[in-house]
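The chain contents come next:
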Number of protein chains: 4
Amino acid sequence: MMNSQEWIQTDLRELDRMLSLINLEEAEALGSALLQAERVFVMGRGRTGLVLEMFAMRLTQLGRQVHIIGSPTTPSVQPEDLFLAASASGKTESVRLAAEQAALIGAKIVVITSRTEGELNQRAAVCLHLTGGDKYSVDTEHSRMPLASIFEQGLLVLLDGVIAEMAEGIGISPEAMAARHANIE
Amino acid sequence: MMNSQEWIQTDLRELDRMLSLINLEEAEALGSALLQAERVFVMGRGRTGLVLEMFAMRLTQLGRQVHIIGSPTTPSVQPEDLFLAASASGKTESVRLAAEQAALIGAKIVVITSRTEGELNQRAAVCLHLTGGDKYSVDTEHSRMPLASIFEQGLLVLLDGVIAEMAEGIGISPEAMAARHANIE
Amino acid sequence: MMNSQEWIQTDLRELDRMLSLINLEEAEALGSALLQAERVFVMGRGRTGLVLEMFAMRLTQLGRQVHIIGSPTTPSVQPEDLFLAASASGKTESVRLAAEQAALIGAKIVVITSRTEGELNQRAAVCLHLTGGDKYSVDTEHSRMPLASIFEQGLLVLLDGVIAEMAEGIGISPEAMAARHANIE
Amino acid sequence: MMNSQEWIQTDLRELDRMLSLINLEEAEALGSALLQAERVFVMGRGRTGLVLEMFAMRLTQLGRQVHIIGSPTTPSVQPEDLFLAASASGKTESVRLAAEQAALIGAKIVVITSRTEGELNQRAAVCLHLTGGDKYSVDTEHSRMPLASIFEQGLLVLLDGVIAEMAEGIGISPEAMAARHANIE
């Protein structure tokens, strides 16, 4: 039996490995797509969806227009919008359906998944793979962490890296981000 | 013991009475404030907060900029914004605090409450009272419906009335609203 | 052009009419199903989903176990659970899919809709119709209120009536409900 | 200017460092408190709140009773409950207020923060510090990642480690967790 500190060390090793396997071109394509988009819509379920909400909060602090699929204030998706879908398994039915609808509208589809093929991937103009630490990935050893925990953590660190790069690229300081932070709890 | 149909009839009588007591000038001031605002921020707790989310969805469908306090994509409130707070009792601590912060920022405060006085009311540039069917109201008989149910229902019907008036005033048809409705579930 | 008060009067007339058309047997079947259920799961989208969240809050205050589909703390549905789906049109894709999954699990399906037939209705052990004030209903005049507003309001008043009946039947006073109300905002 | 991969490497170094500084006794006290609790209530704002929702989902999959402060189905907190509050700065007003209310009720307060003192810490029966990579920490260099990103990531990895330890301790396999996972999207 391992204590929580040993689990954390196991977790960090898996996380490091997953993130070291990111394809640099895919990461650049993701960053470019986000920079060019007028508006970003994010869609995910469960813990993956919550990570996308964390990302949406940072995009808001960068002054970008971003909407969460399913929120009351989310408008209709238009052809010029970016639709970012994330799913560890790549098979989440509601995410697949939403990406299908967004593709029909003509929005640019960006997908983050551990899956290397499948319908969700095929819809994507940009597809970034997070593999190597996920129970769903087919080409590597399984993660020891429960369910898709490493995918979800990797997604968070990846997207926070994208935010840091965007902030520097646009020239928005952490202070400016803090000023854009929701000022009423 | 009454069956659900008898409860519904009791409910509708209380609702009719509450809504007949709305001050017309207050309702007009509410409508005007919403029409003039660049951006609207809504704040409420519990079921009242959920009714405000329903209202926010309709404002989005009218093409207005609206944000829910506490949502990940909500930006910082600015002096030119309208801050709409609702509280049956007028005493909800977090709503009171948020209105205080919004007032310090310089936003226009609009309050809907059953209370006829108190700190929340005093902050309001526009204050609309929903009384007569609410257990918290001091000047009328109590409602038979549990807790603040009639206030919450009255708030929904009131705000849907404001939406219908705004839609007609701006010239947005139900079809145009449907087209602005979130097109991805 | 009507002012907001005239819209409210129009709204209340449509609401009265819709609720007067409820089939008493359907309403009794809905109440019985809710009383007998160990656990209730609610599922709806958009404003209808928000009304179901308002209902879930009252069920919690009655001391019942209730979960919202899509919430982080919602467990898996089991055969002995009640699955309550609401959809004005009866055609919301994600609601249809969820009801299909719940039916496969063996849960008791309860549906509230303005539709008089269709796949969602066919899955239901209990189906309650809200018609006569809704733009989606096929057998009556259209509502003047935007989109499915009257359905959503009718759903709220109906479910609040069910709650009042349950509270009286179980013998839970408003004071006891208030004591079960979330005591931390 | 760094690209996203270089930001990710910077991020992972800060994250490793923060997590290596966790006090083992504090981590054990956190794990014990969670194991002993009948019910857990979680409270946080912004991205920290979203991480707590991710944690709540895993606790649900372990078969534990857990509630999110502010959710419609959250009941009232009782003296035998555990109240877990997280705040990077330790100064979030609504978190401070909620912890004060929970302490008055007599619930066991557990706090995770980067702060080494203050009112929130003083209320805590168990206080776990995440320091060394956070802009709010006073005893170390600032993080290069925007705002409290490293705190939020560290909180996620820490809580996922606690979950892995709990799962092994209770004897719940990942397969059993998956079976408890919400089976309707």
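Presented here is an overview of the structure given in this document. Owing to the predicted nature of the structure, the values given are computational and were not obtained by experimental measurement. (Residues numbered from 1 in each chain as written. Chains lettered and ligands numbered in written order. Predicted model: local features only at pLDDT ≥ 70, side-chain atom pairs only at ≥ 80, totals over all residues. Heavy atoms only, no water.)

**Looking at the pattern of salt bridges**
Point 1. A full pass over the atoms with the stated rule returns 33 salt bridges over all chains.
Point 2. A:Arg123 is the salt-bridge partner of A:Glu100, the closest N and O atoms lying 4.0 Å from each other. Of the two residues, A:Glu100 sits in helix α4 (residues 93–105) while A:Arg123 sits in helix α5 (residues 119–123), which places them 23 residues apart along the sequence.
Point 3. When its relative accessible area of 27% is taken as the criterion, A:Glu100 is described as partly exposed.
Point 4. Given the relative accessible area of 31%, A:Arg123 is considered partly exposed.
Point 5. For the salt bridge of D:Glu119 with D:Arg123, the shortest nitrogen-to-oxygen distance reads 3.4 Å. Residue D:Glu119 and its partner D:Arg123 are located together in helix α5 (residues 119–123), separated by 4 residues, close to a single helical turn. (Salt bridge = Lys/Arg side-chain N within 4 Å of Asp/Glu carboxyl O. Helix = DSSP H or I, 4+ residues; strand = E, 2+ residues; numbered from the N terminus. Buried < 20%, exposed > 50% of the residue type's maximum accessible area, 1.4 Å probe, protein only.)

**Some points on the sheet that holds strand β1 (residues 39–43) of chain D**
All names here are of chain D.
Point 1. The 5 strands are arranged β2-β1-β3-β4-β5 in an open sheet whose pairing can be described as parallel. Strands at the two margins of the open sheet, each flanked by one partner only, are β2 (65–68) and β5 (126–129). Neighbour to neighbour, the strand axes of the sheet diverge by 20° on average, direction disregarded.
Point 2. The strands touched by helix α2 (residues 24–36) within the sheet are β1, β3 (82–87), β4 (108–113) and β5, with β5 carrying the most contacts at an inclination of about 135°. (Pairing = 2+ DSSP bridges. Axes fitted to C-alpha atoms, helices over the stretch in contact; angles between N-to-C directions. Contact = heavy atoms within 4.5 Å.)

**Some remarks on the interface of chain A and chain D**
Point 1. Facing the 53 residues of chain A at the interface are 53 residues of chain D.
Point 2. Between chain A and chain D, the buried area comes to about 4,700 Å², and carbon and sulfur atoms account for 66% of it.
Point 3. It is A:Arg47, A:Leu147 and A:Glu185 in chain A that bury the most area against chain D; as a group they hold 15% of the surface buried on that side.
Point 4. The tally of links from chain A across to chain D stands at 4 salt bridges.
Point 5. Two residues, D:Glu152 and A:Arg58, come together in a salt bridge whose shortest N-O distance is 3.2 Å.
Point 6. Along the contact surface separating chain A from chain D lie 20 residue pairs in polar contact (both at pLDDT 80 or more). (Buried area = accessible area lost by both parts, 1.4 Å probe. Polar contact = N/O pair within 3.5 Å; in protein donor to acceptor, adjacent residues only side chain to side chain.)

**Observations regarding the interface of chain D and chain C**
Point 1. Across the boundary between the two partners, chain D contributes 25 residues, which contact 26 residues of chain C.
Point 2. In this assembly, chain D packs against chain C so that about 2,000 Å² is buried in total across both faces, 61% of it on carbon and sulfur atoms.
Point 3. Broken down residue by residue, the surface that chain D buries against chain C is led by D:Pro72, D:Thr73 and D:Ile184, which jointly contribute 32%.
Point 4. Along the contact surface separating chain D from chain C lie 0 salt bridges.
Point 5. Residues of the side of chain D that touches chain C, tallied by class, amount to 15 nonpolar, 7 polar and 3 charged. (Nonpolar A, V, L, I, M, F, W, Y, C, P; charged D, E, K, R; others polar.)

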